[in-house]
Amino acid sequence: MLPKVQNKANHELLKSPLPDNENDNSQQETIAITLPPRDHVETAELGSTQVGTNRFVLVYHRSPFAEILDDQGNRQWVDHKSPNGIIPTLRNLFHEEHSGTWISWLENLTGEPAEDERTTISSPSPFTLRRLPLTKDQISSFYHVTSKESFWPILHSFPGLFSIDNSDWATFEEVNRSFARAACEEAAPGAIIWIHDYNLWLTPALIREQRPDVKIAFFHHTPFPSNDVFSILPWRDDILDSLLCCDLVGFHVPRYANNFARNAINLRGVEGGEAVPVADKFRRLGSALAEPTVVPWLDHQGRRIHIQASPVGTSPELIRQLMDSEEVRQMSGQIAEQHAGRKLILSASRVDYTKGNEEMLLAYERLLEQHPQWHGEVELFLACVAAASGMRIYEDIQRSVEEIVGRINGRFGRIDWTPVRLSTRRTPYDEMVAWFSQADVCWITPLRDGLNLVAKEYVVAREGQTGVLVLSEFTGTSVELEDALLTNPYSHHSMDLAITTALNMPEEEQRRRMNAMAQVVEEFTVQHWAAQQLGTLRSL
């Protein structure tokens, strides 16, 4: 029987948070957490502003645990144990803090006014979870419309897909104001407040307005676009002015950090620090996102805003633990048996115009057209999670992907060979690890991607073995993994050359490249990323 939480009051308000842009395919493990009745925020006074007692406040729209209701209506929590998400790492920060608050949302299904839910979480050590009840209309406007229809295409440099028709800036500001209010009420004098991602762009300024005493950090999990693309947003000044209220703004790679700095310098007239050489872990020349130098700080209205590029890593130890489990071993054996004697290509993403699934499938079709010797000798497994938002553009992309897969299988398939296997379900993470462990080639070629952790996870799973990573040079991780086969997904010639090179690469070269990439992934883990970001903030 699943362990139960003790309090089931107000469960009509509760719903698991919406999926983010993370590729979270994890299975869920139920854990027991005590939920006392809602309590009042313990506050003190700082001038005319109420303040809390927590020295560390984390602001992220997703909760540290997902929540479900059992058949009896009892509230239960399930652990996001996938190592490819940042949630376990953010949650583990409370090991060091010993007290603190995580602020997220929950969906208010009643639509009636409701107070914030404030509960105590006991794992990994006691901390407060404060959840802000948002109505269905607020979430739809804030997340699906303004964030996904207006911000997402600009962030990923698809200005032709930008839409302002349905955007509601007032609701976006209202939701951000709720997060800022909660953060201010939780934070002790001089506390650290760490805010995550573009959905909360306005939160830093709203906090700074009330709490000049706190340290504010912001981490951007998506790309940050160039000046000419970002300037399309009608709210560009409000967004930049808010980020300029931070003490530290973090990005995955130097290109995104420099894009932010150039936007601030060109649009808001801030003074930028002299560029310094990028860290040794980054590629400096020769690819789309390479940068030799990076702007380390900006000065604005008497304040210094530090800028730091440090990419999120994965958790190699957790992946190895999964690979050693009996369940993954069995699945790996089944996959190996099913694909015996054939090269297995793996690609994993979700339905999104940024992910390049159609371009990849067309390149695979050209491979089978131009190189008939591969008929019956190669198979592509595409795990492409279907979109759940109901947005027409994603539905059109999914239909196109399915049509291309059907055409390829219809043209080239035989009774004993299916060239492409497409899965649109959310694959459990342990199953994905099994696929990683058996794939001869991992083909990750989005048109634009903030980072892409799938590439790093594949490297961990193939460490010490053969294997080839074909990687788009428009992914953030391409500036870390220099021994991947970089390709330009917009170029037929580049894509065709990359996949044929991967399939024909000598084993000795495969091992050399894989071992070099494994060293990078092992050194710069998700724990390293968190320590670097917070370490920099604490030193200011």
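Scroll up a little and you will see the structure.
The rules behind these values
Residues numbered from 1 in each chain as written. Predicted model: local features only at pLDDT ≥ 70, side-chain atom pairs only at ≥ 80, totals over all residues. Heavy atoms only, no water. 1 Å grid on protein atoms, 1.4 Å probe; cavity = no way out; pocket = protein on both sides within 12 Å on 5 of 7 lines; lining within 4 Å. Points joined across faces, edges and corners; volume = space filled by probe spheres on them. Helix = DSSP H or I, 4+ residues; strand = E, 2+ residues; numbered from the N terminus. Nonpolar A, V, L, I, M, F, W, Y, C, P; charged D, E, K, R; others polar. Axes fitted to C-alpha atoms, helices over the stretch in contact; angles between N-to-C directions. Left-handed = near helix turned anticlockwise from the far one by under 90°. Contact = heavy atoms within 4.5 Å. Pairing = 2+ DSSP bridges. Core = buried A, V, L, I, M, F, W, Y, C linked by side-chain atoms within 4.5 Å. Buried < 20%, exposed > 50% of the residue type's maximum accessible area, 1.4 Å probe, protein only. Parallel < 35°, antiparallel > 145°, perpendicular 65-115°, else oblique. Phe/Tyr/Trp six-rings, centres within 6.5 Å; stacked < 30°, edge-to-face > 60°. Expected span 1.5 Å × (residues − 1). Arc of directions from axis to C-beta.

Undergrad: In this structure, what is going on with empty space enclosed by the protein? I would like to understand it.
TA: Regions of empty space are outlined by a rolling probe, equal in size to a water molecule, passed over the atoms. Counted under the stated rule, the structure contains 4 cavities of 30 Å³ or more. Contributions of two or more residues to the lining of the largest cavity are made by β18 (343-350), α11 (357-370) and β21 (441-444). Top contributing element to the lining of the largest cavity by residue count: β18, with 3 residues. Across the lining of the largest cavity, the residue classes tally to 5 nonpolar, 6 polar and 2 charged.

Undergrad: Any chance you could explain the packing of helix α13 (residues 429-438) against helix α14 (residues 453-461) here in plain terms?
TA: Geometry of a packed helix pair, given as the angle between the helix axes and the separation of the axes. The geometry of α13 relative to α14 is characterised by a closest axis approach of 8 Å and an angle of 65° between their N-to-C directions. Regarding α13 and α14, the two cross each other, and that crossing is right-handed. In this structure, α13 uses Tyr429, Phe436 and Ser437 to contact α14, whose residues at the interface are Val454, Glu457, Tyr458 and Ala461. Here the residues of the contact of α13 with α14 sort into 5 nonpolar, 1 polar and 1 charged.

Undergrad: What is the right way to look at the sheet that holds strand β8 (residues 117-121) in this model?
TA: Neighbouring strands of a sheet are bound in pairs by backbone hydrogen bonds; such pairs are parallel or else antiparallel. Overall, mixed pairing links the 10 strands, which are arranged β8-β9-β7-β4-β10-β11-β12-β17-β16-β13 in an open sheet. Each having just a single partner strand, β8 and β13 (271-272) make up the two edges of the open sheet. Bridging between β13 and strand β16 (residues 297-300) involves 2 bridges; their strand directions are antiparallel. Looking at β16, one finds that Gly272 is bridged to Leu298.

Undergrad: Sorry if this is basic, but what is going on with the nonpolar core here?
TA: Across soluble globular proteins, nonpolar side chains show a tendency to be buried alongside one another. Residues Phe151, Trp201, Phe260, Leu298, Leu361 and Tyr364 are the most contacted members of the largest nonpolar core, which totals 100 residues. At 8 residues, the largest contribution of residues to this core is made by helix α4 (residues 169-186). Setting aside chain neighbours within four positions, we find Phe260 in contact with Phe224, Leu240, Leu243, Leu244, Val249, Phe251, Leu298 and Ile307. Among the nonpolar cores identified, the runner-up in size contains 31 residues, and Cys442, Val454, Tyr458 and Ala484 belong to it.

Undergrad: Can you walk me through the pairing of β8 in this structure?
TA: Along any regular strand the residues' side chains alternate between the sheet's two faces. Of all 5 residues that make up β8, 4 are buried, and the element is covered over most of its length. Between β8 and strand β9 (residues 127-135), which pair antiparallel in sequence order, lie 5 residues.

Undergrad: I'm lost on the packing of helix α10 (residues 326-338) against α13 in this one. Help?
TA: At a minimum axis distance of 9 Å, the contact between α10 and α13 shows a crossing angle of 50°. Considered as vectors, α10 and α13 are oriented oblique to each other. Crossing handedness for the pair α10 and α13: right-handed. Contact with α10, carried on its side by Val328, Met331, Ser332, Ile335 and Ala336, involves Asp430, Glu431, Val433, Ala434, Trp435, Ser437 and Gln438 of α13 and no other residues of that element. Of the residues in the contact of α10 with α13, the class split is 7 nonpolar, 3 polar and 2 charged.

Undergrad: Teacher, can you tell me more about the packing of aromatic side chains here?
TA: Any pair of aromatic rings gets described here by the distance separating the centres and the angle formed by the planes. Across all of its chains, the model carries 23 aromatic pairs by this definition. Where Phe151 meets Tyr198, the ring centres are 6.4 Å apart and the plane angle is 85°; that geometry is what we call edge-to-face. With Phe151 in helix α3 (residues 136-155) and Tyr198 in the loop between β10 (187-196) and α5 (203-210), this residue pair connects regions lying 47 residues apart in the sequence. The exposure class of Phe151 is buried, given its relative accessible area of 0%. When the ring of Phe474 is compared with that of Tyr490, the centres are 5.5 Å apart and the planes differ by 85°; the resulting orientation is edge-to-face.

Undergrad: Honestly, α10 in this entry has me stumped. Any pointers?
TA: Each full turn of the α-helix corresponds to 3.6 residues, which orients residues three or four apart in the same direction. For α10, which comprises 13 residues, the first-to-last C-alpha distance of 19 Å matches the rise-based estimate of 18 Å (1.5 Å per residue) to within 8%. Listed in full, the buried residues belonging to α10 are Val328, Ser332 and Ile335. The buried residues of α10 occupy one face: seen down the axis, they fall within an arc of 65°. Turned more than 90 degrees away from the buried face of α10 sit Glu327, Glu337 and Gln338, all of them exposed. In this structure, the buried side of α10 is in contact with α9 (316-324), β18 and α13.

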